[in-house]
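Now for the letters of each chain:
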Amino acid sequence: MNLILKGNLFAEDELIQDDIRIQDGAGVYMVSGGIGNTQNAIKVFYYKPKNYSPESRILMVIPEAGRNGDSYRDAWIEEAKKYSVLIISPMYPEDVYGFEKYHLCGLISNLNLRESIEYVKGTNIAKMDEEKFSFDINANSSEWIFNDFDRLFDLTVQSLNSTQTKYDLFGHSAGGQILHRLAIFHPNNIWPVILVFIPYRIPPKQCPLG
């Protein structure tokens, strides 16, 4: 994987919310959060290859629990160059989008998962007390993060005068779980292809995306 020159990146403290400027190479822009989180910004890391054209396809990469959209963007750079694909990867800040808003996409609220589990000392086993466990269903689908994906795509298309009307999605680990829920609960998004990779007990050094 090629290193990214620091000069190709915007200084993140200079980003202006909803001011989308996509240049050749790697960079980042910042957009407003969706309904219920409009005051909170989402960083979107991108890579635009030199052979990009308005007809180039767009791939949105949904990160794992680490929310590291920058390294997930980096993992696709070689493919982006080879196939002339624009890569965008949103990074949802964990302090705003906790487990129930990110992993579970905002489908539920008031989750007391931490209070309902007990870890077995010296193991990786966690036991749940189902009598303590509780949550509320969030029936307001406008607050689910699925809605952000089409919005991010539309903003990107507008900024580049792209001719694309659909985009592809790739999700790894927690990102894969999000895309499973997207396909089940929000099937009307404008994506044609979803690729999901959910590793099962794969040592970190053997995991293709780390």
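Structure shown above.
This report concerns the structure included in the present document. (Residues numbered from 1 in each chain as written. Predicted model: local features only at pLDDT ≥ 70, side-chain atom pairs only at ≥ 80, totals over all residues. Heavy atoms only, no water.)

Digging into the packing of aromatic side chains
Each aromatic ring pair is specified by the distance between its two centres and by the angle formed by the two planes.
Thought 1: Applying the stated rule across the entire model yields 7 aromatic pairs.
Thought 2: An angle of 70° between the planes, with centres 5.1 Å apart, marks the rings of W76 and F170 as edge-to-face. Of the two residues, W76 sits in the loop between α1 (69-75) and α2 (77-83) while F170 sits in strand β9 (residues 168-172), which places them 94 residues apart along the sequence. Accessibility classification places W76 together with F170 in one group, the buried group.
Thought 3: Pairing Y92 with Y97 gives two aromatic rings, centres 4.8 Å apart and planes at 80°, and the pair type is edge-to-face.
Thought 4: On the accessibility criterion, Y92 (1% relative accessible area) is buried.
Thought 5: Each member of the aromatic cluster is reached from another via a ring pair, and the members are Y92, Y97 and Y102. (Phe/Tyr/Trp six-rings, centres within 6.5 Å; stacked < 30°, edge-to-face > 60°. Helix = DSSP H or I, 4+ residues; strand = E, 2+ residues; numbered from the N terminus. Buried < 20%, exposed > 50% of the residue type's maximum accessible area, 1.4 Å probe, protein only.)

A closer look at the environment of V85
Thought 1: Considering the arrangement of structural elements, one finds V85 in the loop between α2 and β4 (86-91).
Thought 2: The buried category is assigned to V85, whose relative accessible area is 16%.
Thought 3: In this structure, the C-alpha to C-alpha distance between V85 and S53, residues 32 residues apart in sequence, is 8.9 Å.
Thought 4: Sequence-distant contacts of V85, defined by excluding residues within four places in its chain, comprise Y47, P49, R57, I58, L59 and A80. (Contact = heavy atoms within 4.5 Å.)

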